[in-house]
Amino acid sequence: MVDDGAVLLVEAAQRGDVLAMNDLLDLLAPYVGRICGPIALDSGQDATQEALVAVFRALRTLREPGALYGWVRAIAVREAVRIARRESRSAPAELADLPAPGDPQLATDIEDVLARLSPEHRAVLVLRDVEGMDERSAAALLDLPAGTVKSRLHRARDSFRKAWKS
Amino acid sequence: MEVVNEHWPRAELDAVQRLRVLAAMIAGAAVTERVIAAPFEEVWGLLTDLEGTFGEIQPDMRHLHVAQRSGDRLVAHVRSRYGMRARFDGVLRPGSCWLQSRFLLVGMAAAGAPGGGTLVALTGGVRVPGRPALVPIGVRREARRSLDRLERLLT
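The structure contained in this document is the topic of the report that follows. (Residues numbered from 1 in each chain as written. Chains lettered and ligands numbered in written order. Predicted model: local features only at pLDDT ≥ 70, side-chain atom pairs only at ≥ 80, totals over all residues. Heavy atoms only, no water.)

1. Re the overall build of chain A
A count of helical and extended segments in chain A gives nine helices and zero strands. Residues counted as buried form 51% of the 166 residues belonging to chain A. Of the contacts made within chain A by residues no fewer than 6 positions apart, 66% connect residues no fewer than 24 positions apart. Total accessible area on chain A is roughly 8000 Å²; 48% of this is exposed by carbon and sulfur atoms. (Helix = DSSP H or I, 4+ residues; strand = E, 2+ residues; numbered from the N terminus. Buried < 20%, exposed > 50% of the residue type's maximum accessible area, 1.4 Å probe, protein only. Contact = heavy atoms within 4.5 Å. Areas by Shrake-Rupley, 256 points an atom, 1.4 Å probe, with all protein chains shown as cover.)

Structure follows, in structure tokens:
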């Protein structure tokens, strides 16, 4: 949900008030950083900047400020996947290669675990586990068939849940 | 989920990246960047001595008087070298400064450069009323001159 304050900031920014833009960036940067960080990993800062540049460049044309977060989320996920794909030099390992549940490394090295997944897998996990989206919405956002998301999610999330619970 | 979220990596922007983002929304805005061979504290101190060296780096903003300060917000009164007066509203934080009047915008940012020194980014110009836009004339040239003046102050 977008509160009235955020709507007012969007409207003021659209009129060219740079202090409103600054306040809006304060609001959106942590949100975009939480999405881009786990998807783009080492390129998370670049992805966050690129996503926010895309958001702010298009903000002039946003007609429904009430839909701000959903709109920002879609841009952030797409930019993070695009940049992570561009930066990745090796093919992602199979999920079967994940550390076994109970592996003590998991508790301290989640970035290492994320690095073993493809950018799309990481995006699916972020959308579902951080953003609380359902599979159909996650699929639509990633331009993937719903069935693909479901199977990716099932495998990826299952491994993570077992690992983190242990 | 909270426990999980705490462990997920998060990405944060530095002040120069924030300036690039904000400039992206402003049609006609150009960001001019340069690595200055001096420590951040020294560079940022000169850029944000608003009633002092700032007027030497941005000559159009000579005779600036900070009238009000509250947290990171400030109100300043400026008399330009042509005698025009204006009220500026701004936000000033370590590494980041934005000042806007009805007609002008000044944006400055600085962050430590990876290879040493300080990366400084400037933007700004004459505002187009009612929308996020600047008159795109001479903005890069003015910013380059400001960076030249900043470097001269440091030598």
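2. Some points on helix α1 (residues 4-14) of chain A
Listed as buried for α1(A) are A6(A), L9(A), V10(A), A12(A), A13(A) and Q14(A). Check the buried side of α1(A) and you find it contacts α2 (18-40), α3 (44-59) and α4 (68-87) of chain A together with α2 (15-25) of chain B. Sitting at the head of α1(A), D3(A) places a side-chain oxygen 3.1 Å from the backbone nitrogen of G5(A). Looking at the residues trailing α1(A), positive phi occurs at G16(A), about 100°. (Polar contact = N/O pair within 3.5 Å; in protein donor to acceptor, adjacent residues only side chain to side chain.)

3. Here's the deal with the nonpolar core
By size, the foremost hydrophobic cluster in this structure holds 70 residues, and its most contacted members are L52(A), F56(A), L59(A), L68(A) and V77(A). Tallying contributions element by element places α2(A) first for this core, with 14 residues. There are two domains that each give this core at least three residues, and those are domain 1 (1-89) and domain 2 (93-166) of chain A. Residues in contact with L68(A), not counting those within four places in the same chain, are V2(A), V10(A), L24(A), L28(A), L59(A) and L62(A). Judged by nonpolar contacts, the second largest core, of 27 residues, contains M61(B), V120(B), L147(B) and L150(B). (Core = buried A, V, L, I, M, F, W, Y, C linked by side-chain atoms within 4.5 Å. Domains from an automatic or database assignment.)

4. Concerning unusual backbone geometry
In this structure, L41(A) takes a positive phi of about 50° despite not being glycine. The topology assignment puts L41(A) in the loop between α2 and α3.

5. Looking at the interface of chain B and chain A
At the junction of the two partners, chain B supplies 32 residues and chain A supplies 37 residues. In total, chain B and chain A occlude about 3100 Å² of area from one another, counting both sides; carbon and sulfur atoms represent 65% of this. Sorting the residues of chain B by area buried against chain A places W8(B), P9(B) and M25(B) first, and these three jointly supply 24% of that buried surface. There are three salt bridges connecting chain B and chain A. Joining chain B to chain A, the criterion identifies 13 residue pairs in polar contact (both at pLDDT 80 or more). (Buried area = accessible area lost by both parts, 1.4 Å probe. Salt bridge = Lys/Arg side-chain N within 4 Å of Asp/Glu carboxyl O.)

6. What to know about the sheet that holds strand β3 (residues 73-79) of chain B
All names here are of chain B. Ordered by their spatial adjacency, seven strands build an open sheet running β1-β7-β6-β5-β4-β3-β2, and the pairing between neighbours is antiparallel. Whereas interior strands pair on both sides, the edge strands pair on one side only; in this sheet they are β1 (32-36) and β2 (64-70). Averaged over all neighbouring strand pairs, the angle between strand axes comes to 20°, with direction disregarded. Judged from the six bridges that link them, β2 and β3 form a sheet pairing that is antiparallel. (Pairing = 2+ DSSP bridges. Axes fitted to C-alpha atoms, helices over the stretch in contact; angles between N-to-C directions.)

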